[in-house]
Amino acid sequence: MKEKLEQIKAEALAQIESSGALERLNEIRVNYLGKKGELTQVLKGMKDVAPEERPKVGQMVNDARAVIEARLEEMRAGLAARAREEQLKSEVIDVTLPAKKLTVGHRHPNTVALEEVERIFVGMGYEVVEGPEVEYDYYNFQALNIPEGHPARDEQDTFYINDRIVLRSQTSSVQVRVMENQKPPIRILAPGRVFRSDEVDATHSPSFHQVEGLVIDKNITFADLKGTLGQMAKELFGEETKVKFRPHHFPFTEPSAEMDVSCFKCGGRGCRFCKGSGWIEILGCGMVHPNVLRMSGINPEEYSGFAFGMGLERIALLKYEIDDMRLLYENDERFLKQF
Ligand code: DAH
């Protein structure tokens, strides 16, 4: 019995020495110390041992077990340490590798122009508001004094969701929404995206942006309109800038006008930029039509107001002397980087 135990112990220790891997150690543990392992078998054979010998044999089995366990643990710790060392070596981080370059984006010329316009009007006490791009025909046309069948609808043909809902063709729709919800005095600026069924070319796009302005209060006159927009032109295009109003027609204003600014390239003498005229058209404006006030619940006997609307792209193109609107939408970094 004693020899048998010695032999098992020697075998187990030899196998542990040559194991070389953690998984193999586990196998050895099971083979020798497990429920069906060799040492356990010896204990099961105790019944054949003389009773007085049993404690001694039991002691020997336990000693062998302790020796094997201790050696297994030593070996395990050694192998684990080596494995960890190798892992650390293989996962070394090369701190000399150059980092990925962070590219910081640019503000779009439209955004720069809009922020400039907003700054000017917020400085004059205006509030910036927004309205929906998908809009009721009512707000986009009817409430702006453009009933069904009105010829002005042709100029602003847009995309129809259904009979009553369109993609708004002008930010003027926001005027109505504000007047319905707010009591005068009203001073708002409403920038946003608008849509028309236009073909794409250097000056047209089916989707572009406008900035709308509306002022309603007691005793607002055309002089207020002229003073406000004249000031805006100076801040936007330079202190020397003059403005000129040409009579025009918009269904929602009366009287209506288009405003030109003196060419900031040639100072008004006439150049290629202003096509020799000395003037550049930048917006439509007028005194809010009494019908529009009335439809939105404002008494035209008590209140009056002015409104204006301009194309944001047009301002951006002028400010940066860009000659093709399509450049604004292509998202070419080489173009956008310049602003
Ligand atoms: N909504 C007009 C357009 O898209 C521009 C405009 C003209 C807006 C006169 C106004 C205005 O508020 O008073 O052509």
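Residues numbered from 1 in each chain as written. Predicted model: local features only at pLDDT ≥ 70, side-chain atom pairs only at ≥ 80, totals over all residues. Heavy atoms only, no water.

A.B. asks: Quick question: what am I supposed to make of the pattern of salt bridges here?
C.D. replies: Opposite charge on two side chains makes pairing possible when the charged atoms of those side chains draw close. With the rule as written, the count across this model stands at 17 salt bridges. Residue Arg 119 pairs with Glu 116 through a salt bridge whose shortest N-O separation is 3.3 Å. Of this pair, Arg 119 and Glu 116 both sit in helix H5 (residues 109-123), separated by three residues, roughly a single helical turn. The partner of Glu 321 in a salt bridge is Lys 265, and the shortest N-O contact between them spans 2.8 Å. Of this pair, Glu 321 sits in the loop between helix H11 (312-320) and helix H12 (333-336) while Lys 265 sits in the loop between strand E7 (253-262) and strand E8 (279-288), and the two are 56 residues apart along the sequence. Taking the relative accessible area as the measure of exposure, Glu 321 reaches 41% and is therefore partly exposed. Overlapping salt bridges, with partners in common, bring together Arg 246, Glu 258, Asp 260 and Glu 281 in one network. (Salt bridge = Lys/Arg side-chain N within 4 Å of Asp/Glu carboxyl O. Helix = DSSP H or I, 4+ residues; strand = E, 2+ residues; numbered from the N terminus. Buried < 20%, exposed > 50% of the residue type's maximum accessible area, 1.4 Å probe, protein only.)

A.B. asks: Would you explain the packing of aromatic side chains in this entry?
C.D. replies: We describe a pair of aromatic rings using the distance from one ring centre to the other and the angle between the two ring planes. Taken as a whole, this structure holds 10 aromatic pairs when the rule is applied. On the basis of an interplanar angle of 50° and a centroid distance of 6.5 Å, the ring pair of Tyr 136 and Tyr 139 is categorised as tilted. Judged by its relative accessible area of 36%, Tyr 136 falls in the partly exposed class. When the ring of Phe 237 is compared with that of Phe 264, the centres are 4.9 Å apart and the planes differ by 5°; the resulting orientation is stacked. Note that Phe 237 is positioned in helix H9 (residues 222-237) and Phe 264 in the loop between E7 and E8, a separation of 27 residues in sequence. Here Phe 237 falls in the buried class, since its relative accessible area comes to 11%. Linked through ring pairs, Phe 121, Tyr 126 and Phe 308 together constitute an aromatic cluster. Above the face of the Tyr 139 ring, Arg 177 is positioned so that its terminal group lies 4.2 Å from the ring centre. Here the basic side chain of Lys 265 rests over the ring of Phe 273, its NZ or CZ set 5.9 Å away from the ring centre. (Phe/Tyr/Trp six-rings, centres within 6.5 Å; stacked < 30°, edge-to-face > 60°. Lys NZ or Arg CZ within 6 Å of the ring centre and 35° of its normal.)

A.B. asks: Please explain H9 as it appears in this structure.
C.D. replies: Helical geometry note: an α-helix holds 3.6 residues per turn, so side chains three or four residues apart project in the same direction. Between the first and last C-alpha of H9 there are 22 Å, a value that for 16 residues agrees with the 22 Å anticipated at 1.5 Å per step. Looking at H9, one finds that the buried residues are Leu 225, Thr 228, Leu 229, Gly 230, Met 232, Ala 233, Leu 236 and Phe 237. Capping the start of H9 is the job of one residue whose side-chain oxygen sits 3.1 Å from the backbone nitrogen of Ala 223: Thr 221. (Expected span 1.5 Å × (residues − 1). Polar contact = N/O pair within 3.5 Å; in protein donor to acceptor, adjacent residues only side chain to side chain.)

A.B. asks: Help me out: how do you make sense of the pairing of E8 in this one?
C.D. replies: Consecutive side chains of a regular strand alternate in pointing toward one face of the sheet and then the other. Within E8, eight of the 10 residues are buried, which leaves it mostly tucked inside the rest of the structure. Two elements, E7 and E8, share eight bridges in a ladder whose sense is antiparallel. Counted as the bridge partner of Glu 258 is Gly 284 from E8. Inspection of the sheet shows E8 paired to strand E9 (residues 304-311) by five bridges, in the antiparallel sense. Residue Met 287 lies in a different strand from E9, and its bridge partner there is Phe 306. (Pairing = 2+ DSSP bridges.)

A.B. asks: Please explain the site of the ligand as it appears in this structure.
C.D. replies: As a structural note, the neighbourhood of the ligand is formed by 16 residues, with Gln 170, Ser 172, Arg 196, Gln 210 and Glu 212 the closest of them. Separating an oxygen atom of the ligand from a side-chain N or O atom of Gln 175 is a distance of 3.0 Å. Of all the secondary-structure elements, those providing two or more residues to the shell around the ligand are helix H8 (172-181), strand E5 (207-217), E8 and E9. Looking at the shell around the ligand residue by residue, the classes come out as five nonpolar, nine polar and two charged. (Near = heavy atom within 4 Å. Nonpolar A, V, L, I, M, F, W, Y, C, P; charged D, E, K, R; others polar.)

A.B. asks: Got a minute to help me understand the side chain of Thr 171 in this structure?
C.D. replies: Relative to the assigned elements, Thr 171 resides in the loop between strand E3 (165-167) and H8. Under the relative-accessibility criterion, Thr 171 is labelled buried at 0%. Excluding residues within four positions of it along the chain, Thr 171 makes contact with Ala 190, Pro 191, Gly 192, Val 194, Gln 210, Val 211 and Glu 212. (Contact = heavy atoms within 4.5 Å.)

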